[in-house]
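Descriptive analysis of the structure
Listed here are the chains, written in short residue letters.
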Amino acid sequence: MTPPPVIVAGGDVSAVGETRRQAQRLAGRLGLGEEAAGRVALVATELAGNLWKHAGGDGWCQLEAIERDGARCVRLVVVDRGPGIAQVASALRDGWSTRGTPGTGLGAVRRLSRDFDLHTVPGEGTVVVAEVGDAPPAAGFAHGGVGLAKSGEERSGDAWAVEEAPGKLWVLVADGLCHGPLAAEAADVAVAAFRALPGRTPGERIEAIHRRLHVSRGAAVAVAEVDAGAGVLRYAGIGNVAGALLGGEAPRSLLSMNGTAGHQARTLRQLDYPWTPRSLLVMHSDGISARWDLASRPGLQERRPSTIAAVLVRDFGRGRDDAAAVVARSAG
């Protein structure tokens, strides 16, 4: 089983070395070869260095081990609240620098990555997503999650998990009550229960999670199942995990039941919604304001799911709780 994502806060210049070490650790756990592991380390160093040099460390790096059909890579999501990049085309040329240094630059990061995405708004900040490692086979879905623990906490009590099968995708978001170690423990239980029932419906998985969480603090949880062939999204939830479906004429909210998984919940309802090749699924914990609006960020809805999730956490996070967002769409 792949390890959970690792967050390294921007902080000071020491975060650059910590990001590189965590990237190397994930590459080792995935069993990447020496050449691929070297690329992971270079990309991590460059992106974390940019966060320090250009944004004063105001942001964070998320590192995640990705495995799909035997292919393995490290996904780095680097989020800052810096000045943004005014000359994107120039910044993506190898060796270009605004600081007079010979750093490899974003152009080299893009070249060293099997997948790369960048979203920047002058005055608001930049998000870079880079996946380094094996090139996976063609997939039916694109998806990504980004999270951030409440300031002062070592672990987030908000977690997510994704399962993919031919033509189908399942997504879980779990928000352990409050924050801190006990919230993280509850979220871990929810993820384990979700993974223990591969291929099962959202309703079945939510019922299992509800039973397993009885001995914990409890959590808000939601599970979505995208069945692309049938053109349907099935959804079930307990508590205040939010879900929305975009890509139609207007965004559509996905309904969860009131209560707390593990303790008190009304009769569970699994609901169906239409899914099209243009649909975009967004799920997030209540650490993110329900007032988010992708249309207020021109071009964002067409970016990679991890990029969209990162902007949701950065720009619409409440700042007083853990926060997590997951975004998914059909590939192609």
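Keep in mind the model is a prediction, meaning the values are calculated, not measured. Numbering of residues starts from 1 in every chain and runs along the sequence as written. It should be noted that, the model being predicted, local features are given only for residues of pLDDT at least 70 and side-chain atom pairs only at 80 or more, the latter also being counted only at that level, while totals for whole chains, interfaces and linings use all residues. Hydrogen atoms and water are omitted, and side-chain values are computed over all heavy atoms in the structure.

**Some remarks on empty space enclosed by the protein**
Grid points spaced at 1 Å and placed over the protein atoms alone form the basis of the search, with a cavity being a set where a 1.4 Å probe fits but cannot get out and a pocket an open set showing protein on both sides within 12 Å along at least five of seven lines. Lining residues have an atom within 4 Å of a point. Grid points are joined across faces, edges and corners, and a volume is the space filled by probe spheres set on the points. One pass over the structure, following the stated rule, counts one cavity of 30 Å³ or more. Looking at the largest cavity, its volume works out to about 40 Å³. What lines the largest cavity is simply Val 8, Ala 9, Gly 10, Asp 12, Ala 15, Val 16, Thr 19, Ala 48, Leu 51, Trp 52 and Cys 61. Looking at the lining of the largest cavity, the elements that each hand over two or more residues are strand E1 (6-9), helix H1 (14-30) and helix H2 (34-55). Basically, the charged four are Asp, Glu, Lys and Arg, the nonpolar ten are Ala, Val, Leu, Ile, Met, Phe, Trp, Tyr, Cys and Pro, and anything else, Gly included, counts as polar. Of the residues contributing to the lining of the largest cavity, the split by class is eight nonpolar, two polar and one charged. Working definition: helices are DSSP H or I runs of at least four residues, strands are E runs of at least two. Numbering for both runs from the N terminus.

**Things to note about the packing of H1 against H2**
Only C-alpha atoms enter the line fits that serve as axes; for helices the fit covers just the stretch in contact. Angles between N-to-C directions range over 0 to 180 degrees. Orientation of H1 relative to H2, taken along the N-to-C sense of each, is 155°, at an axis distance of 8 Å. One finds that H1 runs roughly antiparallel with respect to H2. Crossing geometry of H1 relative to H2 is assigned as right-handed. Across the interface between the two elements, Ala 15, Val 16, Thr 19, Arg 20, Ala 23, Gln 24 and Ala 27 of H1 pack against Ala 37, Val 40, Ala 41, Leu 42, Ala 44, Thr 45, Ala 48, Gly 49 and Trp 52 of H2. Of the residues assigned to the contact of H1 with H2, the class counts are eleven nonpolar, four polar and one charged. In this scheme, roughly parallel covers angles under 35 degrees and roughly antiparallel covers those over 145, while 65 to 115 is roughly perpendicular and the rest are oblique. Crossings are sorted by hand: turned counterclockwise from the far helix by less than a right angle, the near helix makes the crossing left-handed, and turned clockwise it makes it right-handed. Note on contacts: a residue pair qualifies if any of its non-hydrogen atoms lie within 4.5 Å across the two residues.

**Regarding the sheet that holds strand E5 (residues 125-133)**
Strand order in the open sheet formed by five strands is E1-E2-E3-E5-E4, and the pairing between neighbours is antiparallel. Edge positions in the sheet fall to E1 and strand E4 (115-121), since each has one partner strand and no second. With strand direction ignored, the average angle separating the axes of adjacent strands in the sheet is 15°. Only when DSSP finds a minimum of two bridges between them are two strands counted as paired. With four bridges joining them, E1 and strand E2 (residues 59-68) adopt antiparallel strand pairing.

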